[in-house]
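For reference, the chains in residue letters:
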Amino acid sequence: MNTLKTSTLAIFILFFACNESKPSSEKQWYKGNLHTHSYWSDGDEFPEVIMDWYKNNGYQFVALTDHNTLAEGEKWKTISNDSIYQNAFKNYLNTYGSDWVKHKQDSLNRTQVRLKTYKEYKPKFEEDGKFLIIQSEEITDSYNGKPIHINATNVKRKIDPQAGNSVLEVMQNNLDEVAKHKEEFGTPIIAHINHPNFGYAINLEDMIGLKNEQFFEVYNGHPAVHNSGNNEHISTELMWDYINMAYIENNKPLMYGLATDDSHHYHRKGSKWSNAGRGWIMVQADSLNPKSIIDAMEVGQFYASTGVELKDLTFENNTLSVQVKEYKNTTYKISFIGCEKGQAEPEEFASFESSKASFKLTNNMLYVRCKITSSKLHENPIEDLLFENAWTQPYIFTE
Ligand SMILES: [Zn+2]
Ligand SMILES: [Zn+2]
């Protein structure tokens with residue numbers, strides 16, 4: 001009887017423990033990249049080789065986001081005659097073996113390889129609690145020649161670009177389609193606006209006009225996307241502040257910033273190529289599955305990074321505190337950025353030359369976010385973004 005009571009109690013406790021979100025001290029940080037291309041569209045490598053790279057470089061989750069494509073059905077890739085790609089194919093064949101790799105020569109004696117589908121490559125790399133692959137897509141649309149790209153993370157079917165009569169309408173139509181997908185499947189999904197400064201297609205007013213959108217790329221590792229802006233266009237980081245100033249004013253949820261690779265080129269490396277490993281997010285989640293990752297992102301439990309790693313990140317009693325995981329012989333600048341109520345411009349509230357700092361948000365401030373800049377050079381930078389950074393999400397004052 002006693003044993004029965006105890007075990008019933010144990011089951012009861014377990015049931016409730018499993019149904020409650022863990023306190024942040026028990027949550028884990030997971031490193032992931034939500035923007036990656038492969039041979040399924042315009043990336044230059046096989047999905048398996050890409051998954052292998054991310055898994056062996058300290059990532060816990062990754063999303064292949066090919067343009068208007070899911071890795072499904074039969075697709076044969078013709079391997080370019082360029083020796084780089086011929087050798088890469090040989091390596092691929094050697095690594096995975098002829099039982100796994102299906103290939104043939106076509107009538108022009110070119111090598112064709114059947115690409116592995118998501119269902120095929122996923123079980124080869126996923127490991128419970130260690131590595132997760134999230135089915136995703138870069139919805140690739142445009143308006144008047146302006147590229148409008150939106151990533152949908154955790155898709156169950158392909159989402160076609162929806163078009164529209166303005167940049168804003170194209171974005172909103174695609175976001176609404178992602179919301180419909182969520183209804184249809186009852187599964188969590190997030191959409192994030194990609195590289196707004198690519199082709200300077202998406203301007204601040206377009207971003208401010210969005211409804212129900214919480215995510216965009218404050219950093220994208222493709223060398224053609226102008227994260228830093230130019231003489232006529234503001235940087236994506238400054239855009240982020242203006243967006244949040246307007247969103248808070250209009251009672252919209254905060255816009256969160258992601259860093260991503262947008263990797264296409266796996267063989268040539270340098271500032272002209274979009275390589276893997278440049279930018280990622282760290283998500284503090286209950287466990288490693290799409291729902292936990294997305295739930296955490298939706299409440300802003302993540303930060304963006306191009307190299308700086310945080311040991312601690314909290315927002316308690318309106319105080320934002322960060323502690324950097326220190327790298328040898330490296331110094332850090334921790335800046336707290338936000339905007340005071342009634343002001344038209346964001347500002348740096350405070351900055352510290354330290355690996356640890358806090359800032360207390362007061363009622364007269366709209367929000368605060370933290371940017372950490374390392375003295376350590378990024379090992380493969382783009383634009384003028386030479387040093388490693390991290391960006392926390394913005395936080396607002398609560399009574
Ligand atoms: Zn894109
Ligand atoms: Zn892309």
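Please refer to the structure placed before this passage.
Residues numbered from 1 in each chain as written. Chains lettered and ligands numbered in written order. Predicted model: local features only at pLDDT ≥ 70, side-chain atom pairs only at ≥ 80, totals over all residues. Heavy atoms only, no water.

Peer 1: Talk me through the overall build of the chain; I want residue IDs and the actual numbers.
Peer 2: The secondary structure content of the chain amounts to eight helices and 20 strands. Judged by the C-alpha coordinates and their principal axes, the chain covers about 75 × 70 × 50 Å. Per-residue burial over the chain gives 51% buried out of 399 residues. Long-range pairs, those at least 24 residues apart, make up 66% of the contacts in the chain with a sequence separation of at least 6. Total accessible area computed for the chain in this model is approximately 18500 Å², and 49% of it derives from carbon and sulfur atoms. If you average the places of the 40 positive and of the 53 negative side-chain charges in the chain, the two averages end up 6 Å apart. (Helix = DSSP H or I, 4+ residues; strand = E, 2+ residues; numbered from the N terminus. Buried < 20%, exposed > 50% of the residue type's maximum accessible area, 1.4 Å probe, protein only. Contact = heavy atoms within 4.5 Å. Areas by Shrake-Rupley, 256 points an atom, 1.4 Å probe, with all protein chains shown as cover. Lys, Arg positive; Asp, Glu negative; His and termini not counted. Charge placed at Lys NZ, Arg CZ, Asp CG, Glu CD.)

Peer 1: Help me get a handle on the coordination of the zinc ion (ligand 1), residues and values and all.
Peer 2: At the metal site, the zinc ion (ligand 1) is ligated by E138 (OE), H149 (ND1) and H195 (NE2), and these contacts range over 2.0 to 2.2 Å. Each donor residue of the zinc ion (ligand 1) lies on one chain, and together they are spaced E-x10-H-x45-H. Residue classification places H149 among the buried residues on the basis of a relative accessible area of 8%. (Donors = N, O, S within 2.8 Å, 3.2 Å for Na, K, Ca; no water.)

Peer 1: Describe the side chain of H195, with residues and values.
Peer 2: Here H195 shows up in the loop between β9 (190-193) and α6 (204-209). Overall, the relative accessible area of 5% leaves H195 in the buried class. Leave out the neighbours within four places in its chain, and H195 touches H35, E138, H149, E217, N220, V225 and D262.

Peer 1: Which residues make up the pairing of β9, and what values do they have?
Peer 2: Both faces of β9 are covered, namely the face carrying I190 and H192 and the face carrying A191 and I193. Summarising the sheet, strand β8 (residues 146-153) and β9 pair through four bridges and their orientation is antiparallel. Within β9, the residue paired with N151 across the bridge is H192. (Pairing = 2+ DSSP bridges.)

Peer 1: Tell me what's going on with the coordination of the zinc ion (ligand 2), and back it up with residues and numbers.
Peer 2: Here the zinc ion (ligand 2) is held by H35 (NE2), H37 (NE2), E138 (OE) and D262 (OD), and the distances to it run 2.0 to 2.3 Å. Spacing between the donor residues of the zinc ion (ligand 2) along their common chain follows H-x1-H-x100-E-x123-D. The distance between the zinc ion (ligand 2) and the zinc ion (ligand 1) is 3.4 Å, with E138 acting as a donor to both metals. Here H37 is found in the loop between β1 (28-33) and α2 (47-55), whereas its partner E138 is found in strand β7 (residues 136-143), with 101 residues between them in sequence. Owing to a relative accessible area of 1%, E138 belongs among the buried residues under this scheme.

Peer 1: Lay out the pairing of strand β15 (residues 319-324) with the relevant residues and their values.
Peer 2: With five of its six residues buried, β15 lies for the most part within the structure. As paired strands, strand β14 (residues 310-316) and β15 are joined by six bridges and run antiparallel to one another. For D312, the partnering residue across the bridge sits in β15 and is Q323. Linkage of β14 to β15, two consecutive antiparallel strands, is achieved through a turn of two residues, within which N317 is found at a positive phi near 50°. The pairing of β15 with strand β18 (residues 356-360) spans five bridges and is classified as antiparallel. Looking at the pairing, Q323 lines up with K356 of β18.

Peer 1: Before we move on, can you summarise the sheet that holds β14 with the specific residues and values?
Peer 2: The sheet built from three strands is open, its strands ordered β14-β15-β18 with antiparallel pairing. The sheet is open, and its two edges are formed by β14 and β18, each paired on a single side. Taken pair by pair, the neighbouring strands of this sheet meet at an average axis angle of 5°, ignoring direction. (Axes fitted to C-alpha atoms, helices over the stretch in contact; angles between N-to-C directions.)

Peer 1: Which residues make up the environment of H103, and what values do they have?
Peer 2: Of note, H103 is situated in strand β4 (residues 103-105). Judged by relative accessible area, which is 35%, H103 ranks as partly exposed. Between the C-alpha atoms of H103 and R114, which are eleven residues apart in sequence, the distance is 6.2 Å. When near neighbours in sequence (up to four residues on either side) are disregarded, H103 contacts W76, F89, L93, Q112 and V113.

Peer 1: Tell me about the nonpolar core, residues and numbers included.
Peer 2: One finds M51 and I372 to be the most contacted residues of the largest nonpolar core, which totals 49 residues. Taken domain by domain, this core gets at least three of its residues from each of domain 1 (5-75 + 115-391) and domain 2 (76-114). Those residues in contact with M51 that sit more than four places away from it in its chain are V62, L64, Y121, F125, F131 and I133. Counting residues in hydrophobic clusters, the runner-up holds 37 residues, among them L70, I150, I193 and M239. (Core = buried A, V, L, I, M, F, W, Y, C linked by side-chain atoms within 4.5 Å. Domains from an automatic or database assignment.)

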